[in-house]
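Structural overview for review
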Amino acid sequence: MKRKILIAIGVLALIFIVGLIFFFGFSTSPQFCRSCHIMEPYYKSWEASKHNKVSCVDCHYPPSGT
């Protein structure tokens, strides 16, 4: 019985960690920025620009260490 509980907790922890990794990856993507309705014109402008291979967070996050 104890082993089943530990396995269940381990599986849930693994699912949680994978979910966090996925959410972090998605939250730094341009598609996430686009999810806010006021960002749509900016997303379209970015998408049509020559910088469309650069993620939003590459320019719109403060440099690390500050």
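Residues numbered from 1 in each chain as written. Predicted model: local features only at pLDDT ≥ 70, side-chain atom pairs only at ≥ 80, totals over all residues. Heavy atoms only, no water.

**Remarks on the overall build of the chain**
Scanning the chain from N- to C-terminus turns up four helices and zero strands. The order of α-helices and β-strands along the chain, N terminus first, is α-α-α-α. Computed over the C-alpha atoms, the radius of gyration of the chain is 18 Å, more than 25% above the 11 Å expected from 2.2 N^0.38 for a compact globule of 66 residues. Relative to its 66 residues, the chain shows a buried fraction of 12%. Within the structure as shown, the chain displays about 6,000 Å² of accessible surface, and the carbon and sulfur contribution to it stands at 72%. (Helix = DSSP H or I, 4+ residues; strand = E, 2+ residues; numbered from the N terminus. Rg over C-alpha atoms; globule rule 2.2 N^0.38 Å. Buried < 20%, exposed > 50% of the residue type's maximum accessible area, 1.4 Å probe, protein only. Areas by Shrake-Rupley, 256 points an atom, 1.4 Å probe, with all protein chains shown as cover.)

**Points about the pattern of salt bridges**
Summed over all chains, the structure comprises one salt bridge. Arg 34 serves as the salt-bridge partner of Glu 40, at 3.1 Å between the closest nitrogen and oxygen. For Arg 34, a relative accessible area of 35% puts it in the partly exposed group. (Salt bridge = Lys/Arg side-chain N within 4 Å of Asp/Glu carboxyl O.)

**Section: the state of the cysteines**
All told, the structure shown has zero disulfides when counted by the stated rule. The thiol of Cys 33 is not disulfide-bonded; the next cysteine sulfur, from Cys 56, is found 3.7 Å away. Classification of Cys 33 by relative accessible area gives partly exposed; the value is 24%. A disulfide-free cysteine, Cys 59 has its sulfur positioned 8.6 Å from the sulfur of Cys 56, the nearest such atom. Given the relative accessible area of 60%, Cys 59 is considered exposed. (Disulfide = S-S within 2.5 Å.)

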